[in-house]
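Chain by chain, the residues:
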Amino acid sequence: MMGAGLPTRFHQWWEGIPFATSSVLIGCSTIYLVCLLAGYDSFMEICFLPSAILSKFQVYRIYTSIMFHSSLLHVMFNMLALVPLGSELERIMGSIRMLHTIILLATSSALFHILIALLAAYNPLHHYVNFMNECSIGFSGVLFSMIVIETSLSGIQSRSVLGLFEVPAKWYAWILLLVFQLLMSNVSLLGHLCGILSGFAYTYGLFTYLLPGTSFFSSIESSSWLSALVRRPKFILSTGG
């Protein structure tokens, strides 16, 4: 009975994860598995590294860095956090808008990251260059942005931190930032901080002119090359967001 029920429960769980969220989950998990099997750990080549982005214009690092993870625990933790967060936001936004939002959040977080790294390195009081040479990978920066956005859209007044205690919703992302920094090693404080800043920028409407209208996403969804995807049960049509 147990063996027969487990595949069914997994199938139901998987089918409940919308298209964009499941695509990111598959992408990050597959990349980790391929790296593990191939013995690839040269993360300096693909990580988010402000000095390399600025001096060599390696802009690709903004996007490769969020898809790679350093360990099984790292990818599992991020993907388990992504499933409820991403699913909730995707049901509100729609699948195509969700993918666009992920790219926007990754880009804006990276710009905040680079700006702060530059200010730290070249301020007249004290030259702190560590941020410029910090190599970071993982989807957690985008997750922190999603936490801010989902908390804002939910309208709830308080949230539970790891099931241990309740905090006011407006402080939730900041408390998580502190908790993860204290409990976990090799965590990018600046990466998570910039994710939070990006999330607040989104919720306060600072990206309004970078967000296409519903008609833009509807035109993409009605295109012939996406017709097969749109018909899938996991695909969610875009709304006003």
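Residues numbered from 1 in each chain as written. Predicted model: local features only at pLDDT ≥ 70, side-chain atom pairs only at ≥ 80, totals over all residues. Heavy atoms only, no water.

## Comments concerning the overall build of the protein
Phase 1: Secondary structure summary: the protein contains 11 helices and two strands in total.
Phase 2: Taking 2.2 N^0.38 as the reference for a compact globule, 241 residues should give roughly 18 Å; the C-alpha atoms of the protein span a radius of gyration of 19 Å, in line with that estimate.
Phase 3: The dimensions of the protein, computed from C-alpha atoms along their principal axes, are 60 × 45 × 40 Å.
Phase 4: For the protein, buried positions account for 44% of its 241 residues.
Phase 5: Sequence-distant contacts, at least 24 apart, represent 70% of the contacts inside the protein between residues at least 6 apart.
Phase 6: Between the averaged position of the 10 positive side-chain charges in the protein and that of its 9 negative side-chain charges there is a distance of 4 Å. (Helix = DSSP H or I, 4+ residues; strand = E, 2+ residues; numbered from the N terminus. Rg over C-alpha atoms; globule rule 2.2 N^0.38 Å. Buried < 20%, exposed > 50% of the residue type's maximum accessible area, 1.4 Å probe, protein only. Contact = heavy atoms within 4.5 Å. Lys, Arg positive; Asp, Glu negative; His and termini not counted. Charge placed at Lys NZ, Arg CZ, Asp CG, Glu CD.)

## Details of unusual backbone geometry
Phase 1: Positive phi, close to 55°, is recorded for Phe57, a residue that is not glycine.
Phase 2: Tracing the backbone through its elements, the reader meets Phe57 in the loop between α3 (50–56) and α4 (61–67).

## Here we look at the packing of helix α6 (residues 95–122) against helix α7 (residues 140–154)
Phase 1: It is the contact of α6 with α7, at a shortest axis distance of 9 Å, that shows an interaxial angle of 115°. Classified by the angle between their axes, α6 and α7 sit roughly perpendicular to one another. When you trace α6 past α7, the crossing you get is right-handed. Contacts between α6 and α7 involve Met98, Ile102, Leu105, Ala106 and Ser109 on the former and, on the latter, Val142, Ser145, Met146 and Ile149.
Phase 2: Looking at the contact of α6 with α7 residue by residue, the classes come out as seven nonpolar, two polar and no charged. (Axes fitted to C-alpha atoms, helices over the stretch in contact; angles between N-to-C directions. Parallel < 35°, antiparallel > 145°, perpendicular 65-115°, else oblique. Left-handed = near helix turned anticlockwise from the far one by under 90°. Nonpolar A, V, L, I, M, F, W, Y, C, P; charged D, E, K, R; others polar.)

## Here's the deal with the state of the cysteines
Phase 1: Throughout the structure, instances matching the rule amount to one disulfide.
Phase 2: Sulfur-sulfur distance for the disulfide between Cys47 and Cys135 comes to 2.0 Å. In this structure, the disulfide formed by Cys47 and Cys135 twists by about -130° around the S-S bond and is classed as left-handed. With Cys47 in the loop between α2 (19–38) and α3 and Cys135 in the loop between α6 and α7, this pair connects stretches of sequence that are 88 residues apart.
Phase 3: No disulfide involves Cys35; its nearest neighbouring cysteine sulfur is the one of Cys28, lying 11 Å away.
Phase 4: Classification of Cys35 as buried rests on a relative accessible area of 9%.
Phase 5: Cysteine Cys194 remains unbridged, with the sulfur of Cys47 as its closest cysteine sulfur at 15 Å.
Phase 6: Given a relative accessible area of 0%, Cys194 falls into the buried group. (Disulfide = S-S within 2.5 Å.)

## Notes on the packing of helix α8 (residues 172–183) against helix α9 (residues 189–203)
Phase 1: Relative orientation of the contacting elements α8 and α9 amounts to 170°, with a least axis distance of 10 Å. In this view, α8 runs roughly antiparallel relative to α9, as classed from their interaxial angle. Here Ala173, Trp174, Leu177 and Gln181 of α8 come into contact with α9, specifically with Leu189, His192, Leu193, Ile196, Leu197 and Phe200.
Phase 2: Of the residues in the contact of α8 with α9, the class split is eight nonpolar, two polar and no charged.

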